[in-house]
Amino acid sequence: MITGLMFRDSIISAANNISNSRQAVDALNIFPVPDGDTGTNMSMTITAAAKEMATLPDNCTIEEASARCASALLRGARGNSGVILSLIFRGFSKGFKGLEAAGAKDIANAFKEGVDAAYKAVMKPTEGTILTVVREAKDAAVKMAEIQSDPLEVAFAALQAAKEALAKTPDLLPVLKKAGVVDAGGQGLILVFEGMESVWHNGVIVQPLDGSGVTPVSAPSKSTVAQASDDIEFGYCSEFLIEKSSSAKEKDPIKLRAFLESIGDCVVVVDDSDIIKVHVHSNEPGNVIQAALKYGQLINIKIDNMRYQHANADMGVKDGEKIIEPQILTPENEYGFVAVCAGEGLEELFRNIGADVVVSGGQTMNPSTDDILNAIMNTPAKTVFVLPNNKNIIMAAEQTIPLATDRKVRVLQTKTIPQGISAMLAFDESSTADENQITMMSAAEAVQTAQVTFAARDSEVDGQKVNEGEIMGLCNGKIKFIGTDIIDIAVKSADRLFKKNEHSLVTVIYGEGISEEDAAKVEETLSKKFGSNVEVSVVDGGQPIYYFIIAVE
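Residues numbered from 1 in each chain as written. Predicted model: local features only at pLDDT ≥ 70, side-chain atom pairs only at ≥ 80, totals over all residues. Heavy atoms only, no water.

Chemist: Give me the side chain of His279: which residues, what numbers.
Modeler: Of note, His279 is situated in strand E6 (residues 275-282). The class of His279 is buried, set by a relative accessible area of 9%. A polar contact is formed between the side chain of His279 and the side chain of His281, at a distance of 3.5 Å. (Helix = DSSP H or I, 4+ residues; strand = E, 2+ residues; numbered from the N terminus. Buried < 20%, exposed > 50% of the residue type's maximum accessible area, 1.4 Å probe, protein only. Polar contact = N/O pair within 3.5 Å; in protein donor to acceptor, adjacent residues only side chain to side chain.)

In structure tokens, the structure reads:
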């Protein structure tokens with residue numbers, strides 16, 4: 001049987017295993033644009049789950065471990081590959097529901113649930129990807145469970161089938177065969193499964209390799225003792241998970257949130273399928289617990305006296321970045337906006353045109369579902385429009401829709417910064433949410449976007465060879481120009497999109513490493529090309545990766 005302890009340790013092992021090879025997985029990406037690559041996204045996603053696993057006791061059930069894993073994966077999901085990985089494990093948790101340990105048929109059923117969850121989330125599933133790999137693994141697990149009662153044999157059969165499926169992905173996707181690589185997402189999934197198999201078959205947790213830059217996941221250190229602050233109004237920090245019960249007296253988590261807000265602050269109540277996550281600062285921890293017990297049994301309870309012991313004093317800074325505790329603002333306004341972008345200039349721009357909260361992120365660092373959810377909950381609005389502004393962030397943003405229990409979330413499928421800006425400018429406060437969603441997306445889709453960046457790797461796309469370090473001009477996401485002159489490529493890319501008598505506004509957004517003088521050269525050249533009837537404006541976006549982002553509308 002696969003116990004909760006085995007599952008717990010296998011997730012930690014899986015996180016370390018894919019993190020060890022994340023750069024190799026990143027290198028499998030065919031498109032040479034430097035973005036939040038597959039290996040990095042999947043590594044960061046499952047590491048979020050591994051950290052959660054490290055808090056579980058040895059006697060945890062596989063139901064508890066898999067549910068906690070799925071919840072952490074959902075919130076930590078980054079990029080499309082990370083979201084799909086989280087959905088696979090969300091299916092696993094459904095398959096393990098009600099079990100202390102899993103047998104052969106339970107493993108097969110978990111794979112069925114995982115495949116169903118992943119395929120349902122993708123509007124147009126593409127074979128030759130991570131979806132194919134996990135589906136073939138499922139088929140093998142189901143077949144083996146019919147003739148084998150040992151769950152380890154079922155899991156091993158699934159892994160072997162997944163490896164065979166990965167090797168065949170180039171036959172299903174010609175672009176992979178031409179590049180001589182297998183699918184990056186599928187390779188990432190294999191590394192996850194191999195890390196798990198190391199624990200299940202050998203009892204060994206994969207450890208980080210020397211020089212890999214990976215920090216092993218372990219139980220968090222005990223909080224440090226600090227002098228109490230006289231400014232602390234509510235002295236006890238209570239954190240726990242509620243495992244919902246069908247026989248519970250209470251069902252609606254909004255009522256719990258309302259009660260907690262009446263006796264404390266910093267309230268977080270997030271409803272996630274079978275689990276409710278709770279955080280509150282109060283002076284009545286006993287009353288907090290009693291109220292929560294009306295919803296089900298409590299898991300992983302932690303109560304700290306903040307006046308004498310700051311439970312997270314050592315956890316506030318990681319990798320040089322401040323971790324900010326999420327805030328929950330009362331949804332007072334009718335509408336609010338969350339935008340994703342990178343660069344001080346762009347952040348200021350989005351705030352100036354109405355964004356309540358700007359999530360820092362973009363190509364190289366895709367924000368997690370939890371990052372976006374925290375921004376939504378920090379937006380004081382009944383309906384929150386989310387603008388991902390990147391095709392690799394849309395799926396993570398969409399996962400927040402069922403999680404924001406006290407406000408409605410509408411994710412606009414904006415794929416570029418200019419699309420996000422145009423969508424924001426098209427908002428009409430007097431219109432309904434439905435009308436605004438249609439109008440805003442219509443405005444976004446009318447924008448043509450040119451982007452100038454560098455090639456992160458050697459590649460061949462649409463018959464064009466690209467060498468690492470070369471400058472690329474992308475027109476609506478497709479590489480159209482390759483060269484060495486940034487300004488020349490910017491002008492050519494904008495000119496490729498511009499149509500006389502159809503477009504009248506061109507906005508040049510320049511990023512890191514580009515001077516005002518260089519931006520002015522692009523502006524001057526485009527003004528001469530397009531004529532006096534076309535307005536060309538320049539914005540200092542400060543964005544990384546992209547030397548220029550140019551909107552033509």
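Okay, back to it.
Chemist: Describe in detail the pattern of salt bridges, supporting the description with residues and values.
Modeler: The final tally for this structure, using the stated rule, is 19 salt bridges. A salt bridge links Arg351 to Glu347; the shortest N-O distance between them is 3.9 Å. With a gap of four residues between them, Arg351 and Glu347 both fall in helix H13 (residues 344-352), about one helical turn apart. By relative accessible area, Arg351 is classed as partly exposed at 43%. One continuous salt-bridge network, built from bridges that share partners, spans Arg8, Asp9 and Asp58. (Salt bridge = Lys/Arg side-chain N within 4 Å of Asp/Glu carboxyl O.)

Chemist: Describe unusual backbone geometry, listing the residues and the values that go with them.
Modeler: Backbone geometry places Asn389, a non-glycine residue, at a positive phi of 60 degrees. Along the chain, the position of Asn389 falls in the loop between strand E13 (381-387) and helix H15 (394-398). Relative accessible area serves as the criterion here: at 6%, Asn389 is assigned to the buried category. Notably, Asn476 is not glycine yet its phi reads approximately 50 degrees, a positive angle. Positionally, Asn476 belongs in the loop between strand E18 (471-475) and strand E19 (478-483).

Chemist: Outline the sheet that holds strand E15 (residues 448-454), listing residues and values.
Modeler: Judged by pairing direction, the sheet is mixed, and its six strands sit side by side in the order E19-E18-E15-E22-E20-E21 without closing on themselves. Each having just a single partner strand, E19 and strand E21 (535-540) make up the two edges of the open sheet. Neighbour-to-neighbour, the strand axes of the sheet open up by a mean angle of 20 degrees, direction not taken into account. Relative to strand E22 (residues 548-552), strand E20 (residues 505-510) runs antiparallel, the two sharing five bridges. Bridge pairing links Thr507 to Ala551 in E22. Here helix H16 (residues 417-425) sits on the sheet in contact with E15, E20 and E22, set at roughly 45 degrees to E22. Seen against the sheet, helix H19 (residues 516-530) touches E20, E21 and E22 and runs at an angle of roughly 165 degrees to E20. (Pairing = 2+ DSSP bridges. Axes fitted to C-alpha atoms, helices over the stretch in contact; angles between N-to-C directions. Contact = heavy atoms within 4.5 Å.)

Chemist: Describe H19, with residues and values.
Modeler: For H19, with 15 residues, the first-to-last C-alpha span of 21 Å sits near the 21 Å given by 1.5 Å per residue. Residues of H19 that are buried include every one of Ala519, Val522, Leu526 and Phe530, and no others. All buried residues of H19 fall inside an arc of 60 degrees around its axis, so they share one side. Exposed side of H19, more than 90 degrees from the buried face: Glu517 and Lys528 are the residues found there. Residues of H19 that are buried make contact with helix H18 (486-497), E20, E21 and E22. (Expected span 1.5 Å × (residues − 1). Arc of directions from axis to C-beta.)

Chemist: Mind laying out the packing of aromatic side chains, listing which residues take part and the relevant values?
Modeler: Within this structure, the stated rule accounts for eleven aromatic pairs. With centroids separated by 6.4 Å and ring planes inclined at 50 degrees, the aromatic side chains of Phe454 and Tyr547 adopt a geometry described as tilted. Taken together, the residues Phe454 in strand E15 and Tyr547 in the loop between E21 and E22 connect sequence positions 93 residues apart. Connected via pairs of aromatic rings, a cluster forms that spans Phe89, Phe92, Phe111 and Phe193. (Phe/Tyr/Trp six-rings, centres within 6.5 Å; stacked < 30°, edge-to-face > 60°.)

Chemist: Tell me about the packing of helix H11 (residues 253-263) against helix H12 (residues 285-292), and please be specific about residues and values.
Modeler: Look at H11 against H12: their axes get within 11 Å of each other, and the N-to-C directions meet at 170 degrees. Here H11 is positioned roughly antiparallel relative to H12, judged by the angle of their axes. Contacts between H11 and H12 involve Leu256, Phe259, Leu260 and Ile263 from the former and Asn287, Val288, Ala291 and Ala292 from the latter. A breakdown of the residues in the contact of H11 with H12 according to their chemical character gives seven nonpolar, one polar and no charged. (Parallel < 35°, antiparallel > 145°, perpendicular 65-115°, else oblique. Nonpolar A, V, L, I, M, F, W, Y, C, P; charged D, E, K, R; others polar.)

Chemist: Got a sec to walk through the nonpolar core? Specific residues and values, please.
Modeler: Within the largest apolar cluster, 72 residues are counted, with the highest numbers of intra-cluster contacts made by Phe7, Phe89 and Phe193. Here Phe7 is in contact with Ile62, Ala65, Ser66, Cys69, Phe89, Phe96, Met196 and Trp200, once residues within four sequence places are set aside. (Core = buried A, V, L, I, M, F, W, Y, C linked by side-chain atoms within 4.5 Å.)

Chemist: I'd like a description of the environment of Val508, backed by residues and values.
Modeler: Topologically, Val508 is positioned in strand E20. Owing to a relative accessible area of 0%, Val508 belongs among the buried residues under this scheme. The residues contacting Val508, other than those within four sequence positions of it, are Val522, Leu526, Val536, Ser537, Val538, Val539, Phe548, Ile549 and Ile550.

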